[in-house]
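Summary of structural features
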Amino acid sequence: MTQRTPSGFLGFLRVLWRGLDFTRRAVLNLVFFALLLGFLAVAMRGAPRVEPNSALVLKPEGQLVEQYSIDPVERALARLGGDTPKQVQVRDLVGAIDAAAHDPRIERILLEPDALGAGGFAALREVGAALDRFRAAGKPVIAWAAGYTQGQYYLAAHADRVLLDPEGGVLLQGLASYRNYYRELLDRLGVNVHLFRVGEFKSAAEPFILDQASPEAKEADSYWLGGLWDTYLDEVAAQRKLDPAALRTAVAQLPQEIAAAQGDLAALAQKLKLVDGLATRAELVAMLRKAGAPDRGGHGFRGVALDDYLASMRTQALAIGKPRVAVVVAEGEIVGGKQPPGMVGGDSTAALLRQAREDRNVKAVVLRVDSPGGEVYAAEQIRREVALTRAAGKPVVVSMGDVAASGGYWIAMNADRILAEPNTITGSIGIFGLFFNVPDTLAKIGVHTDGVGTSPWAGAFDVRRPLDPAVGQVIQSVIDKGYRDFTGRVAAARGKSVAAIDAVARGRVWTGRQALERGLVDQLGGLADAVRFAAQQAKLGDDYAVGYVERPLSAFDRFLLDFSQSTLVAWAHAGGIALPGWLAEAPRLAPELALFRHARAGVPQVYAYCFCTP
């Protein structure tokens, strides 16, 4: 008996299934072989070779950060897509520069800061200090860019020679702090905003109750912005051997200067002695070939990129059992619970401090703070761990980065010693509470709320109901108590009276130099200074290691990162094979209105937060 061949719709489905099954098997096989090749590439890949007479090429892209907030999978996907992650760790740049200073294979540094994003000046100052140490070792630094922004030039000024493309320019504008104000919008929507605060300078929540900055906010902002700008001009002028007053005048008269130069920004930069010369990229390469050694192809110069140099450094194993100074990073908004890198979690950051305290090889701790603050209770959790670590006999030293204000100062105040850069933004000692309700909003669309409760407090924080003035008094009492706690703890930690601390608190922001003058920090200096002081306090001498205490990478994360930097992937990129660029960007969310990212509806939010980045 012959078997009937399926026909019609059923036959079509069977053919479709076979096609899908074949495609599925083919895709799985391709994925399997790609992973197999990846494992082989990572297994066979040794550390990148650094040839003699090489230049260390520094082309930082994106923002300088204390630790990555982009997770390892995103970073690997970016590299697989032929892109680079838009973050650079300060420790990687500084570590590479310091290692290169004593590496006989590295003759010079080429700094190309074109793609360096806007950020704080304290991190740039850390990198600039490393460039100064490299130059002090007798090795030159050359900076070149198609054009310099203010932050990029602040770093480039540390070079022996600053070069600029003939079509470029150096744009120095000064510093500004402008914010959006939402009161009119909220009034139109019928949203009622209740602000509870102590301190006329605590302006973080003013955009929700005003349509413009208060006189107190403008006074305070003008003072710390002016301090930052003074430091910028003084340091750039010192590096470039210029008169700070003349540089200030040139920036103030920039429109007239540009007009006089007939719009030629490069010629103007030369006239103002901001750059040493003009050069195209081809001329730069020829200059480096003449000064050093040509590459093997004979067309470029011999250089090693930052990632490759860092990979070569990883082969140097940390000595096991050495006494250590542990560095714990607290970067980002302070939020309750466990948070990923790039955020300061009340539970997770406290756990890192606890881990350092309980590690027998850790003899001292440096808490690196780069945070504008956040939730009060989460900050208090971290402060308690700092106090417990000191009580256990281990010195704790705080190193302030770009920002260590409000809650960022809260977690720092109980350290044995606080170090800040002159251009760190700190202070903002104060707290505030916010409560929003929307009965008028609902009324606009014909919705009304009514009911009963078993006590006057039942349903008091229902956002659909008006806020009872008595409840507002309770919230203000809580805020007042929080401010007394804050200033009282600072006074006890700093050995001052509460009145003396209140005089420099009340939410007012200071630069690191201004804070030193007011007794809020102990010393001006960077992370390396903090580590040295911690080692001295622990009596470690010179024979100690420095290690970061942070969440370790999983085996899969490490594989992805190594694979994304492998020779196989480089070959694929050269052949035009890469993942689509949007894939690495997909997981990111716009951080708008970050203050309310973790807010809970129907609960007054209490913050020690500072919007104080220029």
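Attention shifts here to the overall build of the chain. Helix and strand counts for the chain stand at 23 helices and 22 strands. Classification of the 614 residues of the chain by burial places 47% in the buried group. Long-range pairs, those at least 24 residues apart, make up 76% of the contacts in the chain between residues at least 6 apart in sequence. Surface exposure of the chain reaches about 29,900 Å², of which carbon and sulfur atoms provide 56%.

Between its first and last C-alpha, helix α14 (residues 376-391) extends 22 Å over 16 residues, near the 22 Å set by a 1.5 Å rise per residue. For α14, the set of buried residues is V376, A378, A379, E380, Q381, I382, R383, E385, V386 and T389. Just downstream of α14, G393 is the residue with a positive phi angle, here 90°.

The pLDDT averaged across the chain works out to 84; a share of 78% of its residues lies at or above 70. Taken together, the stretch residues 553-593 has pLDDT below 50 and engages in 62 contacts with residues farther than four places along the chain or on a different chain.

The full count for this structure, using the stated rule, is 33 salt bridges. In this structure, E219 and R508 form a salt bridge, with 3.4 Å as the shortest nitrogen-oxygen distance. You can see E219 sitting in helix α7 (residues 215-240) and its partner R508 sitting in the loop between α18 (498-504) and β19 (509-511), a full 289 residues away along the chain. Look at E219 and you get partly exposed, because its relative accessible area is 42%.

The 6 strands lie next to each other as β8-β6-β5-β4-β1-β9, forming an open sheet whose pairing is parallel. Every other strand in the sheet has two partners, leaving β8 (277-278) and β9 (303-305) as the edge strands with one partner each. Pairing of strand β5 (residues 141-145) with strand β6 (residues 161-164), which is carried by 4 bridges, proceeds in the parallel orientation. Counterpart to I142 in the pairing with β6 is R161.

For the coordinates displayed, the defined rule picks out 10 aromatic pairs. Between the aromatic rings of Y154 and Y232, the centroid separation amounts to 5.3 Å while the plane-to-plane angle is 20°, which identifies the pairing as stacked. One end of the pair, Y154, is in helix α5 (residues 150-156); the other, Y232, is in helix α7, with 78 residues separating them in the sequence. Y232 matches Y154 in its accessibility class, with the two residues each being buried.

It is worth spelling out the environment of A266 at this point. For A266, the location among the structural elements is in helix α10 (residues 265-271). If we ignore the near neighbours within four places in the chain, the residues touching A266 are L164, D165, P166, G168, G169 and L278.

Take the packing of α7 against helix α8 (residues 244-252) next. Following both chains from N to C, one finds α7 and α8 inclined at 115°, their axes separated by 9 Å at the closest point. The chirality of how α7 crosses α8 is right-handed. Residues W229, D230, L233, D234, V236 and A237 of α7 form the contact with α8, whose own contacting residues are P244, L247, R248 and V251.

Further remarks concern unusual backbone geometry. Leaving glycine out, the prevailing phi sign among residues is negative, and the prevailing peptide bond configuration is trans. Even without glycine at this site, N53 takes up a positive phi of about 60°. Inspection of the secondary structure puts N53 in the loop between α1 (8-44) and β1 (54-58). Unlike most non-glycine residues, R506 shows phi in positive territory, near 55°. Accessibility expressed as a relative area gives 27% for R506, which makes it partly exposed.

Before going further, it helps to spend a moment on the side chain of D103. Note on placement: D103 falls in the loop between α3 (90-101) and β4 (106-111). In this structure D103 comes out as buried when scored by relative accessible area, which is 7%. In this structure D103 touches K139 and Y309, once residues within four positions along its chain are discounted.

This next bit is on the environment of L419. Within the fold, L419 resides in strand β16 (residues 417-420). When its relative accessible area of 0% is taken as the criterion, L419 is described as buried. Taking C-alpha positions, L419 is 7.7 Å from V397, a pair spaced 22 residues apart along the chain. When sequence neighbours within four positions are dropped, the list of residues in contact with L419 reads V397, V398, S399, M400, Q523, G525, G526, D529 and A530.

The complete set of buried residues in helix α12 (residues 306-313) reads L306, Y309, L310, A311 and S312. Residues of α12 that are buried make contact with β1, β3 (87-89), α3, β4 and β9.

Side-chain positions along a regular strand alternate between the two faces of the sheet. Burial of strand β21 (residues 545-548) is one-sided: the residues A545 and G547 facing one way are buried, the residues V546 and Y548 facing the other way are not. Sheet topology places strand β10 (residues 324-331) next to β21; 4 bridges connect them, and they run parallel. In the sheet register, V325 faces β21, and the bridge partner there is V546.

The next subject is the packing of α3 against α12. Axes are the key here: two packed helices are described by the angle between their axes and the distance separating the axes. Contact pair α3 / α12: the axes reach a minimum separation of 10 Å and the direction vectors enclose 70°. In terms of orientation, α3 and α12 fall into the roughly perpendicular class. Where α3 approaches α12, its residues D92, L93, G95, A96, A99 and A100 are matched on the opposing element by L306, Y309, L310 and M313. Of the residues assigned to the contact of α3 with α12, the class counts are 8 nonpolar, 1 polar and 1 charged.

Calculation criteria
Residues numbered from 1 in each chain as written. Predicted model: local features only at pLDDT ≥ 70, side-chain atom pairs only at ≥ 80, totals over all residues. Heavy atoms only, no water. Helix = DSSP H or I, 4+ residues; strand = E, 2+ residues; numbered from the N terminus. Buried < 20%, exposed > 50% of the residue type's maximum accessible area, 1.4 Å probe, protein only. Contact = heavy atoms within 4.5 Å. Areas by Shrake-Rupley, 256 points an atom, 1.4 Å probe, with all protein chains shown as cover. Expected span 1.5 Å × (residues − 1). pLDDT = per-residue confidence, 0-100. Salt bridge = Lys/Arg side-chain N within 4 Å of Asp/Glu carboxyl O. Pairing = 2+ DSSP bridges. Phe/Tyr/Trp six-rings, centres within 6.5 Å; stacked < 30°, edge-to-face > 60°. Axes fitted to C-alpha atoms, helices over the stretch in contact; angles between N-to-C directions. Left-handed = near helix turned anticlockwise from the far one by under 90°. Parallel < 35°, antiparallel > 145°, perpendicular 65-115°, else oblique. Nonpolar A, V, L, I, M, F, W, Y, C, P; charged D, E, K, R; others polar.

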